[in-house]
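Residue strings, one per chain:
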Protein chains: 2
Amino acid sequence: MIEKYLPSIDFAQSVDGGIAAPLGFTAAGVYCGVKRAGYPTNTVTAASILANENIQREHKPDLALIYCDTVCNCAAIYTKNLVKGAPIQVCREHLANGKAQAVIANSGNANTCNADGIEKARAMCELTANEMGIDKENVLVASTGVIGQILPIEPIAEGIPYLKKSLSKSGTPAANAIMTTDTVKKELAIKLTIGGKEVTVGAMSKGSGMIHPNMATMLGFITTDAAISCEMLDKALRQAAADSFNMLSVDGDTSTNDTLLIMASGLAGNSEIAEEGEDFELFAKAVYEVCLALARVMARDGEGATKLVECVVSGAVDDINAKIIAKSVICSPLVKSAMFGSDANWGRVLCAIGYSEADVDITKVDVDFRSENGVVPVCRNGAGIPFSEELAKQVLSTDAVYIDVTLGDGCGHAQAFGCDLTYDYVKINGDYRT
Amino acid sequence: MIEKYLPSIDFAQSVDGGIAAPLGFTAAGVYCGVKRAGYPTNTVTAASILANENIQREHKPDLALIYCDTVCNCAAIYTKNLVKGAPIQVCREHLANGKAQAVIANSGNANTCNADGIEKARAMCELTANEMGIDKENVLVASTGVIGQILPIEPIAEGIPYLKKSLSKSGTPAANAIMTTDTVKKELAIKLTIGGKEVTVGAMSKGSGMIHPNMATMLGFITTDAAISCEMLDKALRQAAADSFNMLSVDGDTSTNDTLLIMASGLAGNSEIAEEGEDFELFAKAVYEVCLALARVMARDGEGATKLVECVVSGAVDDINAKIIAKSVICSPLVKSAMFGSDANWGRVLCAIGYSEADVDITKVDVDFRSENGVVPVCRNGAGIPFSEELAKQVLSTDAVYIDVTLGDGCGHAQAFGCDLTYDYVKINGDYRT
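Predicted model, so just to flag it, every value in this text is computed and none were measured.

Draft legend 1. Structural view of the overall build of chain A. Counting secondary structure elements, chain A contains 13 helices and 15 strands. On C-alpha atoms alone, chain A measures out to a radius of gyration of 22 Å, which is about the 22 Å that the 2.2 N^0.38 rule sets for 434 residues. Along the first, second and third principal axes, the C-alpha atoms of chain A reach 65 × 55 × 35 Å. Burial statistics for chain A: of 434 residues in total, 63% are counted as buried.

Draft legend 2. Region of the structure containing the pairing of strand 10 (residues 308–316) of chain A. All names here are of chain A. Burial within strand 10 is extensive, with eight of its nine residues counted as buried. In terms of strand pairing, strand 10 meets strand 14 (residues 400–406) through seven bridges, oriented parallel. Pairing of V309 across the sheet is with V401, part of strand 14. Pairing analysis gives seven bridges linking strand 10 to strand 15 (residues 412–419), with the strands arranged antiparallel. The residue bridging V309 from the neighbouring strand is G418, located in strand 15.

Draft legend 3. Representation of the packing of helix 10 (residues 333–340) of chain A against helix 13 (residues 423–430) of chain B within the structure. Between helix 10 of chain A and helix 13 of chain B, the least distance of the axes is 7 Å, while the angle of their chain directions is 75°. One finds that helix 10 of chain A runs roughly perpendicular with respect to helix 13 of chain B. Residues A:P333, A:L334, A:S337, A:A338 and A:F340 of helix 10 of chain A form the contact with helix 13 of chain B, whose participating residues are B:Y425, B:V426, B:N429 and B:G430.

Draft legend 4. Molecular detail of the relation of the copies chain A and chain B. For the pair chain A and chain B, the best superposition has an RMSD of 0.0 Å and corresponds to a rotation of 180° with a translation of 0.0 Å parallel to the axis. As the rotation angle and translation indicate, the two copies are arranged about a two-fold axis. No C-alpha of chain A lies nearer the rotation axis than that of A:Y423, which sits 2.5 Å from it. An overlap of 100% is found between the interface residues of chain A and their copies at the interface of chain B, pointing to a shared contact surface.

Draft legend 5. Representation of the interface of chain A and chain B. Each partner contributes residues to the interface: chain A has 52 residues there, and chain B has 53 residues. Of the roughly 4100 Å² buried between chain A and chain B, counting both surfaces, carbon and sulfur atoms make up 60%. Viewed at the interface, chain B and chain A are joined by zero salt bridges. The interface formed by chain A and chain B includes 18 residue pairs in polar contact (both at pLDDT 80 or more). Elements that contribute at least two residues to the side of chain A that touches chain B include exactly helix 10, helix 11 (346–354), strand 13 (383–384) and helix 13 (423–430) of chain A. Per-class residue counts for the side of chain A that touches chain B are 25 nonpolar, 18 polar and nine charged.

Scoring rules and cut-offs
Residues numbered from 1 in each chain as written. Chains lettered and ligands numbered in written order. Predicted model: local features only at pLDDT ≥ 70, side-chain atom pairs only at ≥ 80, totals over all residues. Heavy atoms only, no water. Helix = DSSP H or I, 4+ residues; strand = E, 2+ residues; numbered from the N terminus. Rg over C-alpha atoms; globule rule 2.2 N^0.38 Å. Buried < 20%, exposed > 50% of the residue type's maximum accessible area, 1.4 Å probe, protein only. Pairing = 2+ DSSP bridges. Axes fitted to C-alpha atoms, helices over the stretch in contact; angles between N-to-C directions. Parallel < 35°, antiparallel > 145°, perpendicular 65-115°, else oblique. Contact = heavy atoms within 4.5 Å. Least-squares fit on C-alpha atoms with pLDDT ≥ 70 in both. Buried area = accessible area lost by both parts, 1.4 Å probe. Salt bridge = Lys/Arg side-chain N within 4 Å of Asp/Glu carboxyl O. Polar contact = N/O pair within 3.5 Å; in protein donor to acceptor, adjacent residues only side chain to side chain. Nonpolar A, V, L, I, M, F, W, Y, C, P; charged D, E, K, R; others polar.

Have a look at this one:
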């Protein structure tokens, strides 16, 4: 699915390998049984699951390792939810010096709201460090899944040696291992030239429910072999997230575990990017394009979604107001339901603009629906205009719909990424735990 | 359905008649065809619909009139959405002097985002005034239904004489006429003694989608025969709405047409309530209890809902923070989906508290699920505790579920009213217009 949203940019090209593509990085994923309900039992142990090739083939992995041959400069952004997963608290400690060499991540259990959460998150780092022979402070940790269930550490302890054995230059097993209700893996890598050297940026992420700015990522990991200071890495990451993951909403629920990490090995051999300038601009653009592609795929693969719904706002008072409006439109359950039904119910778009609390002149709002199937203007100057219901149905009956909102208030621009609200969203979330 | 949520209060008792119960008031509802798709046609006219008793029996009415023998003191609260229905603009004009004698209201068309909206809303008032022989400035108007479709005035013009003919002391036809996707009519009346005189308060409202504070009512009308000044009427209404309709959310979409009106005929003969004191307290309490009952029924009858979901917060820093938390919990699509599945996924409750932006100590949060089937404590001090999944399922498998959130931060208290998110919500809203 990601192919459709790959950046079509002149300064970079797609390459294979995902998160493991940049120099120095390898990755792995195994199924250790964290996701298994009621696990472990007396008869089914993690060891037996890990040693059984049939089980490994049949199950999506649930434990991922990203490893770098060298200690990396790192930056991270975490959820703004006051309830923070234990892994986030441990990441904060371990990233105090801006350095890391490995990431251990599991799906199936968020390790959040558990009395022993911090202890378990630290154990995940320590087990990884021991196995890889590195400093435990250089291991980062992430968990995603059900909140408030005790994380079984045994499958993770048993799984880590298997991860080490299967480290490779393919990011795919790791990208699979962080999926929860995602239906497609989300990974990509691009290469570009910075300061005369070839630089690669790889990434993977997972959705697909409890997705709302800020941060909307749940889990996102970016690797690069660019040489860049921690400070500039942090800057590039924040810029990229502001217009991609932070403009993404599946359901308005900001997760407790959202984590976006970037690691730079420096092995590309470019002269270190330590300040703003041409090299930084190029690198930041590459990170942004990667995040944008992932954000679009995460929206499209939102829980139960049948289509990407993107709202593009122009002519707002400023970019901030444009963002408020774009987010309000893609978050409206009524707009989302109408998109599911391919119903050109533009009144709901106006309604969502009206309650957004943005500074907007409602009498100057124009709305068009747009897709690869055409464009339907439906509203001019805040009032309805006649349109062909047949054409509208055709435009909306596709898997990527754009709602263009043109205002008469200024030069502000923004785009926000969402999806339709479907029966399957309700089905998936009506009984997620069992 | 409303019987279940009628106020069980010692100072008042339920009476029949709904909106028409207080002295001086009558009400009526007819089916004139505003709701009819593609109406009018050459063969089906409003006149033929109105004159046909079979058609009137078979269809839910779509045009309501509330009339009072005398000019009333009035107060109103309107949507905060920047996009406001034309009827609201006309109500504002007509209520500038705080007086009104009649309300004309239609369902099936919101008369919003139409170039001729104001003109049509004014015409509705004028037609009513002419028929009733009253001043057009004393007529208020409300519309609810699809946004952005031209309101046909002919069926309304034809319907008003029929409304006049069928005015009675039953509020039911009017309560039926304002329903859109509501599955039950929402009306009640209570009587109490104020200053030695019997005073009656009647009310009706409609939901059931695009419901979110503030205002969450879509349309709500309250009548009373109490003698009370405009100023105190306004005060009582705002107090009542703050803890009832403004704490109600079905889907997070604040409508463009929300209107809550109160009319006081003064015919009860009590000495006019013109300041705070015992009489005002009693009257305000009666209005609040009526609004509370309607809010609960509107939540329970939210689009597609199978249950009322109420969040009761205590121990917050203050009432404002308690309200923020209670609203965040009942608005979370993930909590709502879990309630639909009768799944005790309390982690999502914690998550919604965490992103609410309230001032809260997460390590002191206790959560219980409660219903007529029992109580299940699921979280203490921000961490999960063991509980019986069987008991939890039993507690949640009912049509009114309470999520009790107890904090350790202060004395703030609030309750918020919502419902579960179901397949039917998506179904209803995936193709609402056609």
